[in-house]
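Fold and geometry: a report
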Amino acid sequence: MQTRKLGPFDVSELGLGCMSLSHAYGTPPPPDAAATLLLKALDLGYTHIDTAALYGFGANETLIGRVLKDRRKEFLLATKGGMYGNAQGQREISGRPEMIRRNCEDSLTRLQTDVIDLYYLHRWDKRVPVEESIGALSDLVKEGKVKAIGMSEVSAVTIRKAHRVHPVSAVQTEYSLWTRNAEVAVLDTCRELGITFVAFSPLARGFLTGTLRDVSTMPPKDIRLGMPRFQAAHFPKNLLLLDGLSALAAEQGCTMGHLALAWVLAQGPHIVPIPGTTRLDHLEENVGATDVTLSREMQDRLNALINPATVSGTRYAAAVQIEIDTEELGTRV
């Protein structure tokens, strides 16, 4: 893979999102299988590994620390704090400086490393001025525990506030053909300020690969079951998009997943997608997207096929959406 800039670092065009190795999409793979996938990712040229304190309530960081500690110099290690599993086994968001520090120190221990390359504020805790939370991240940089900082699911206004306190190296938000919220203002703001935009779920949580056509096959604990786009009121309508996407992929001479990832990569050199997977074949297949070059005409046809007007349903349920700061589509900025 070629490289792209991520703050002061050079990373592979595709990074690896590791959430699914520990939770979110049903039962995670056995530890040995997850370890094999992580090691294979490095062998394939992935040099950007993304995790979080939240994933598996620390289990994901523990896995990465155990498996990759002897190859630590081969990749950029990104993790997140400010959203985590609390002592009662529940997800909690806290942007208080003392909690961010505790999250970071716990992550350093689980990851078996002395320094985190990129440390994100996973969610902005709206009860705490973002300047205070970013100040805590800045202190971690000064202490040598963190090299660069990032933010996740924040608006352009919040990014600018944070960037005035400490340079923000990366902003991570969901972005794909069927999720375009970042196009309201965040992508342009990142480009203007020299911030790398890290796109999570660039394959629309697997939907754009064309392999998920029956939601009844998803396991009971799959988080997609709680997302409107995968529910009965919307999923049948969204399925109608896949035949057109399949036809365009055939015309391009690639898989549907390749086409979807190539589209994200084509939206700007400051964008780094981090698709996740639990399967070795998908891990290797995704790399092939970096060899796909899309013409302007093909991008236009993809945009005409899948866009906010043709996708049915919101990306999150209302109870989750209130935690998100990223602009909603149609927001005036």
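The following paragraphs examine the structure supplied in this document. (Residues numbered from 1 in each chain as written. Predicted model: local features only at pLDDT ≥ 70, side-chain atom pairs only at ≥ 80, totals over all residues. Heavy atoms only, no water.)

1. Brief notes about the sheet that holds strand 4 (residues 48–50)
- The strand order across the open sheet built from eight strands is 3-4-5-8-9-10-11-12, with neighbouring strands paired in parallel fashion. With one partner strand each, in any of the chains shown, strand 3 (16–17) and strand 12 (271–273) form the two edges of the open sheet.
- Against the sheet, helix 6 (residues 186–193) makes contact with strand 10 (168–174), strand 11 (196–200) and strand 12, and its axis sits at roughly 145° relative to strand 11, the strand it touches most. (Pairing = 2+ DSSP bridges. Helix = DSSP H or I, 4+ residues; strand = E, 2+ residues; numbered from the N terminus. Contact = heavy atoms within 4.5 Å. Axes fitted to C-alpha atoms, helices over the stretch in contact; angles between N-to-C directions.)

2. Points about the environment of Tyr46
- Its place among the elements puts Tyr46 in the loop between helix 1 (31–44) and strand 4.
- Along the chain, Tyr46 and Thr3 lie 43 residues apart, while their C-alpha atoms are 9.8 Å from each other.
- Sequence-distant contacts of Tyr46, defined by excluding residues within four places in its chain, comprise Met1, Ser12, Leu14, Gly15, Leu16, Ala41, Leu283, Asn286 and Val287.
- Looking at Tyr46, its side chain comes within polar contact range of the main-chain oxygen of Leu283, at 2.8 Å. (Polar contact = N/O pair within 3.5 Å; in protein donor to acceptor, adjacent residues only side chain to side chain.)

3. Here's the deal with the packing of helix 1 against helix 9 (residues 280–287)
- Viewed as axis vectors pointing N to C, helix 1 and helix 9 meet at an angle of 20°, and their least axial separation amounts to 10 Å. Between helix 1 and helix 9, the angle is such that the two are roughly parallel. Note that helix 1 runs across helix 9; the crossing there is right-handed. The segment helix 1 lies against helix 9, with Thr36, Leu37, Lys40, Ala41 and Leu44 engaging Leu280, Leu283, Glu284 and Val287.
- Grouping the amino acids of the contact of helix 1 with helix 9 by side-chain chemistry returns six nonpolar, one polar and two charged. (Parallel < 35°, antiparallel > 145°, perpendicular 65-115°, else oblique. Left-handed = near helix turned anticlockwise from the far one by under 90°. Nonpolar A, V, L, I, M, F, W, Y, C, P; charged D, E, K, R; others polar.)

4. Observations regarding the packing of aromatic side chains
- Counted under the stated rule, the structure contains six aromatic pairs.
- Measuring from centroid to centroid gives 4.5 Å for Trp178 and Phe207, while their planes differ by 5°, and the two rings are stacked. You can see Trp178 sitting in the loop between strand 10 and helix 6 and its partner Phe207 sitting in the loop between strand 11 and helix 7 (235–252), a full 29 residues away along the chain. Here Trp178 matches Phe207 in class, with each residue buried. (Phe/Tyr/Trp six-rings, centres within 6.5 Å; stacked < 30°, edge-to-face > 60°. Buried < 20%, exposed > 50% of the residue type's maximum accessible area, 1.4 Å probe, protein only.)

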